[in-house]
Amino acid sequence: MIKICVVEDEASIREMLLFNLELEGHKVNAYSNGKSAFDDASEFQKYDLVILDVMLPGVSGLTICEEIRKYSNVPVLFLSAKGTTQDKIAGLKKGGNDYLSKPFDLEELLLRIKVLTEGIMPSVLDNECIKIGKKLVDFATFEVIDHLSNEKHVLSKKEIGLLKLLNQNEGKVVSRDEILDKVWGKDQFPTSRTIDNYILNLRKLFEKDPKQPEFFHSIRSVGYKFTISDKL
Ligand code: CA
């Protein structure tokens, strides 16, 4: 059992969340307006998770998150109808840990809750977005956006495929054979050098110092390992 706080003004969604989260055995408290959640922000440390709607009457979810962060590091999962990459970045900047666009799949929400509260490997989820250093990757649009400069870069289909495979195996070594098999498919025959070049490009894009990679590690004669600390 974990303690969850739901801040959502739409009664149907709030009731649905309360019902299903309680069904999962969790203890749930809910707010229907932004102002009272904002006023109580200093007490949110008593929860294990906060599910926070972005568009709320009174005070927005983003402002509430900022207020919660003054007092605690409780995981915050944003729920919002505004699902653009820019909105996700705005949520992250305010200290959110995850972001789910409405309408959402209940099963996915429950999995994300597990990830945020139990520290289970996020690789069970096909993340929509991940944060690598100062950059956000959106797997749906292939975009990489720099948090600070808002500079945008679009990855190729192969690059996004490679990144997805590495992310699904985060913290584990993925062999060159597996990469060739899954990203390039059986009918194509790129050399190992091709993969190396793709990795070099990813390093150029994401690493502070591509020669001292923090995220994309070469594992001699085997393959590559991707490590990341900030997951969405
Ligand atoms: Ca709303």
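Worth saying up front: this structure is predicted, and the values here are computed from it rather than measured.

A word on the overall build of the protein
Moving on, step 1. Looking only at helices and strands, the protein features 8 helices and 12 strands.
Moving on, step 2. In terms of overall dimensions, the protein is globule-like: its C-alpha atoms have a radius of gyration of 19 Å, near the 17 Å expected for 232 residues.
Moving on, step 3. Seen through its principal axes, the protein has C-alpha atoms that stretch 60 × 35 × 25 Å.
Moving on, step 4. Across the 232 residues in the protein, those meeting the buried criterion constitute 48%.
Moving on, step 5. Here the analysis covers contacts within the protein between residues at least 6 apart in sequence; of these, 56% occur between residues at least 24 apart.
Moving on, step 6. In the structure as shown, the protein presents an accessible area of about 11,600 Å², 49% of it carried by carbon and sulfur atoms.

A few points about the coordination of the calcium ion
Moving on, step 1. The protein atoms donating to the calcium ion are Asp-9 (OD), Asp-53 (OD) and Met-55 (O), with metal-donor distances spanning 2.1 to 2.4 Å.
Moving on, step 2. Read in sequence order, the donor residues for the calcium ion give the motif D-x43-D-x1-M. Taken together, the residues span a long stretch of sequence, with Asp-9 in the loop between β1 (3–7) and α1 (11–23) and Met-55 in the loop between β3 (49–53) and α3 (61–68) at a distance of 46 residues.
Moving on, step 3. Given a relative accessible area of 28%, Asp-9 falls into the partly exposed group.

Comments concerning the packing of aromatic side chains
Moving on, step 1. In the structure shown here, the tally under the stated rule is 6 aromatic pairs.
Moving on, step 2. Look at Trp-184 and Tyr-198: their rings are 5.0 Å apart centre to centre, the planes differ by 85°, and that puts the pair in the edge-to-face class. Of this pair, Trp-184 sits in helix α7 (residues 176–184) while Tyr-198 sits in helix α8 (residues 192–206), and the two are 14 residues apart along the sequence.
Moving on, step 3. Exposure remark for Trp-184: the relative accessible area of 7% places this residue in the buried category.
Moving on, step 4. An aromatic cluster is present here, built from Tyr-31, Phe-44 and Tyr-47 joined pairwise through their rings.

Observations concerning the domain arrangement of the protein
Moving on, step 1. Here the protein is described as being made up of domain 1 (3–117) and domain 2 (128–226).
Moving on, step 2. A separation of 30 Å is found between the C-alpha centroids of domain 1 and domain 2.
Moving on, step 3. Facing 10 residues of domain 1, the contacting portion of domain 2 comprises 10 residues.
Moving on, step 4. Overall, the association of domain 1 and domain 2 removes approximately 850 Å² of surface from exposure, summing both partners, and the carbon and sulfur fraction of that is 52%.
Moving on, step 5. Across the contact surface, domain 1 and domain 2 share 1 residue pair in polar contact (both at pLDDT 80 or more).
Moving on, step 6. Here the side of domain 1 that touches domain 2 takes 6 residues from helix α4 (residues 85–93), the largest share from any one element.
Moving on, step 7. Grouping the amino acids of the side of domain 1 that touches domain 2 by side-chain chemistry returns 3 nonpolar, 3 polar and 4 charged.

Quick notes on the rules
- Residue indices follow the written sequence of each chain, beginning from 1 at its first position.
- Owing to the predicted nature of the model, reporting of local features is limited to residues with pLDDT of at least 70; listing and counting of side-chain atom pairs is limited to 80 or more, with chain, interface and lining totals taken over all residues.
- Excluded from the side-chain calculations are hydrogens and water; all other atoms, namely the structure's heavy atoms, are used.
- Helix and strand definitions follow DSSP, with helices as H or I runs of at least four residues and strands as E runs of at least two, each counted in order from the N terminus.
- We compute the radius of gyration over the C-alpha atoms and compare it with the globule rule, which gives 2.2 Å times the number of residues raised to the power 0.38.
- The cut-offs for exposure are 20% and 50% of the maximum accessible area for each residue type, with area from a 1.4 Å probe on protein chains only; residues under the lower value are buried, those over the upper are exposed, and the others partly exposed.
- Here, two residues are considered to be in contact whenever any of their heavy atoms come within 4.5 Å of each other.
- Computed by Shrake-Rupley with a 1.4 Å probe, the accessible areas treat only the displayed protein chains as cover when residues are assessed.
- Coordinating N, O and S atoms are those within 2.8 Å of the metal (3.2 Å for Na, K and Ca), and as water is not part of the atoms, a site may appear to have fewer donors than expected.
- Between 30 and 60 degrees the pair is tilted, below 30 it is stacked and above 60 it is edge-to-face, where a pair is any two Phe, Tyr or Trp rings, Trp via its six-membered ring, whose centres lie within 6.5 Å.
- For each domain, the first and last residues come from an automatic or database assignment.
- When two parts are brought into contact, each loses some accessible area as probed by a 1.4 Å sphere; the total of that loss over both is the buried area.
- Whenever a nitrogen or oxygen atom comes within 3.5 Å of another N or O atom, the pair is scored as a polar contact, on the condition that within protein one atom can donate a hydrogen and the other can accept it, and that pairs from neighbouring residues in sequence are kept only if both atoms are in side chains.
- Gly falls in the polar group here, along with every residue not listed as nonpolar (Ala, Val, Leu, Ile, Met, Phe, Trp, Tyr, Cys, Pro) or charged (Asp, Glu, Lys, Arg).

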